[in-house]
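One letter stands for each residue in the lines below.
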Amino acid sequence: MQIPRTLRAGIVPVLVSGLLMAATGPATAKPGVAVRAAAVSASRLAVVQAAKQINYYPSAAGWTKMWTSFDAATIDADLAKAQGMGANSVRVMVFPSVFGYPAPKAEYAAKLAQFVTMAGAHGMTVKLTLFDWWNGYSDIAGSSAWATAILAPYKNDSRIVSVDLQNELDPDNAAAMAWAKRLVPVVKAAVPSTPVTISVNTTARLAKLKSGIALDYYDFHLYGYSERALSTIRKAQALVAPATLVIGETGVSSLTFTEGEQAAFLARVFQAASAAGIKSVAPWTLYDFAAGAIPDSAVARTPAEYHYGLYRTDGTAKPAAAAVKSAWTGTAYPSSLMDLGFENTAAQTPWQNYMPELGVPARTQSAAHSGTWSVKLSGTGKAAAGLPAYKVNPITPVKPGQKWHAEVWARGNAATGTTQIALSWFDANDKWLGGQGSALLRTGTTGWTKLIVDGTAPAGAASLQVHLKSGANTGSVWFDDVAFSAS
């Protein structure tokens, strides 16, 4: 897409005094009546729907610090890195507390203009999120003046792909909703050809937002369980239909899980979104954050918040970077993504222990069907709830009626008990629906043996776990070279 270079850094926003007079114009919506925004062109919405967007702050300067410690060279290099991954859009947040309120300061307006110009130079559009870290919902006049002044330089600028009025607004907050109903028309008047949205982070909030405010499109932040992403996305789509839905944020912290699971999480969301017909999925975020990078806040005091990046603070790529690049460029995911041969390090595998109190799977070089490594279970117990196992969720989204095939090579040494590969199905609420298991590995000492299981996703199935199980085993078993696929 050709991006105009019409804006110059340092343009001063229009006079706020006149805006304060104009801000009294929008009328309060009647209770229970959705606010109708002026329609934007189908072509502008198409750009939003196709945006390969990254959420962004510099690694050393998150949230408000991005603007108070504005480092143009670092930002330009970061945008180049995102562009190299296939990104063609970037989301940035704007803070009234920093930019100046209700009259934006020329200094910060110039920084925003410079950011937009740098993004454009890298072939990237910009999504502006206004009113972050702000709750002055009673000040309609000031909010209107500020938003209009921030947006005035971009009235007909196609580099601005969309405007998000506020990040993760809470529709249960009556004051917030009343404020948003008044502000959406103000924003639409400021940038009439630009799609306007409001982002939320649960389907319940999405339903309440849709019932109260008609937007150009709806922006859903998807966190939690990526293995059930298709079910969640389809529910969200149904709630806003016939309007457009995009995934404006998604990801998982590599402090909470492994870097390998972070990569698989994002791949699952991209795959689920694609199955649902959604092309725009925006990972949170480009970089991990260095110590001190997040201003004092609840976010700063949450260790996991520092580790959502596709890149580490030293600039090296996590596995998630390759997964996102594959999704954005339409190329095959790395063969190492699912670690089917267990050659990844423990920190870079998506596999997880199941019932470790009964036995902990261990990567080992003591035996391998191929490569160097395998996974070993020894001296395991059993319980009524199940057997210890090594488990993983595939990246392919699960659909009821879908046929699945899985296999693994296994061998035993004085093995006892139950050893097999199994499929376990779960619904959208993570309720177990049943499963299928392979034939058992022969007890005693055996050579490498292929175990195979086939199953069909039952009605209501939303996710699948593949389990490598060995319980009540006083000896040892090794697993290697897993394969699974859906018809």
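Just so you know, these numbers come straight off a predicted model, no measurement behind them.

**Student:** Quick rundown of the environment of Gln348? Include the residues and the values.
**Tutor:** Locating Gln348 in the fold gives a position in the loop between helix H12 (319-329) and strand S12 (352-354). Residue classification places Gln348 among the partly exposed residues on the basis of a relative accessible area of 27%. Between the C-alpha atoms of Gln348 and Tyr306, which are 42 residues apart in sequence, the distance is 18 Å. The contact partners of Gln348, leaving out residues within four places of it in the chain, are Glu259, Gly260, Arg312 and Pro319. Polar side-chain contacts of Gln348 include one of 3.3 Å to the side chain of Glu259.

**Student:** Residue-level account of the pattern of salt bridges, with values.
**Tutor:** Under the counting rule described, the total for this entry stands at 14 salt bridges. A salt bridge links Glu249 to Arg91; its shortest N-O distance comes to 2.6 Å. Of this pair, Glu249 sits in strand S10 (residues 244-250) while Arg91 sits in strand S3 (residues 89-93), placing them 158 residues apart in sequence. The same class applies to Glu249 and to Arg91, which are both buried. Across the pair Arg268 and Glu261 runs a salt bridge, and its minimum N-O distance is 2.9 Å.

**Student:** Explain the sheet that holds strand S9 (residues 217-222) to me, using residue names and the numbers behind them.
**Tutor:** Ordered by their spatial adjacency, four strands build an open sheet running S7-S9-S10-S11, and the pairing between neighbours is parallel. In this open sheet, the two strands that pair with only one neighbour each are strand S7 (199-200) and strand S11 (281-283). Packed onto the sheet, helix H9 (residues 203-212) meets S7, S9 and S10 and runs at close to 165 degrees relative to S9. Against the sheet, helix H10 (residues 229-240) touches S9 and S10, its axis set at about 135 degrees to S10.

**Student:** So what about the packing of aromatic side chains? Which residues, and what values?
**Tutor:** For the structure shown, the criterion picks out 24 aromatic pairs. Members of the aromatic cluster, joined through ring pairs, are Tyr56, Trp67, Phe70, Phe99, Tyr108 and Phe115. For the cation-ring pair, Arg228 lies above Tyr225, with the distance from its terminal atom to the ring centre recorded as 4.3 Å. Sitting above the plane of the Trp373 ring, Arg363 keeps its charged end 3.9 Å from the centroid.

**Student:** Got a sec to walk through the environment of Lys318? Specific residues and values, please.
**Tutor:** Considering the arrangement of structural elements, one finds Lys318 in the loop between S11 and H12. Between the C-alpha atoms of Lys318 and Val269, which are 49 residues apart in sequence, the distance is 17 Å. Filtering out sequence-adjacent residues up to four positions away, Lys318 remains in contact with Ser254, Glu259, Gln262, Asp288, His307, Tyr308, Gly309, Leu310, Tyr311 and Arg312. There is a polar contact of 2.8 Å between the side chain of Lys318 and the side chain of Asp288.

**Student:** Mind laying out the nonpolar core, listing which residues take part and the relevant values?
**Tutor:** Counting residues in each nonpolar core, the largest one holds 130 residues, and the members touching the most others are Trp67, Phe115 and Trp179. Formed by six residues, the second largest nonpolar core is a distinct cluster that contains Val40, Leu45, Val161 and Val246.

**Student:** So what about unusual backbone geometry? Which residues, and what values?
**Tutor:** Cis geometry marks the peptide bond from Ala241 to Pro242, where omega comes out at 5 degrees. On the secondary structure map, Pro242 appears in the loop between H10 and S10. Of note, the bond from Trp284 into Thr285 is cis; its omega dihedral lies within 30 degrees of zero at 0 degrees. Take Thr285: it is sitting in the loop between S11 and H12. Phi is positive for Trp63, which is not a glycine, with a value near 50 degrees. Phi is positive for Phe342, close to 60 degrees, though the residue is something other than glycine. Along the polypeptide, Phe342 turns up in the loop between H12 and S12. Exposure remark for Phe342: the relative accessible area of 1% places this residue in the buried category.

**Student:** Describe helix H7 (residues 140-151), listing the residues and the values that go with them.
**Tutor:** With 12 residues, H7 should reach 16 Å at 1.5 Å per residue; the first-to-last C-alpha distance of 16 Å fits that figure. Burial of H7 is extensive: 11 of the 12 residues sit out of reach of the surface. Along H7, the positions that sit buried rather than exposed are Ile140, Gly142, Ser143, Ser144, Ala145, Trp146, Ala147, Thr148, Ala149, Ile150 and Leu151. By the N-cap criterion, in which a side-chain oxygen at the helix start approaches the backbone nitrogen of a residue two or three places on, H7 is capped by Asp139, the distance to Gly142 being 2.8 Å.

Definitions and limits used
Residues numbered from 1 in each chain as written. Predicted model: local features only at pLDDT ≥ 70, side-chain atom pairs only at ≥ 80, totals over all residues. Heavy atoms only, no water. Helix = DSSP H or I, 4+ residues; strand = E, 2+ residues; numbered from the N terminus. Buried < 20%, exposed > 50% of the residue type's maximum accessible area, 1.4 Å probe, protein only. Contact = heavy atoms within 4.5 Å. Polar contact = N/O pair within 3.5 Å; in protein donor to acceptor, adjacent residues only side chain to side chain. Salt bridge = Lys/Arg side-chain N within 4 Å of Asp/Glu carboxyl O. Pairing = 2+ DSSP bridges. Axes fitted to C-alpha atoms, helices over the stretch in contact; angles between N-to-C directions. Phe/Tyr/Trp six-rings, centres within 6.5 Å; stacked < 30°, edge-to-face > 60°. Lys NZ or Arg CZ within 6 Å of the ring centre and 35° of its normal. Core = buried A, V, L, I, M, F, W, Y, C linked by side-chain atoms within 4.5 Å. Expected span 1.5 Å × (residues − 1).

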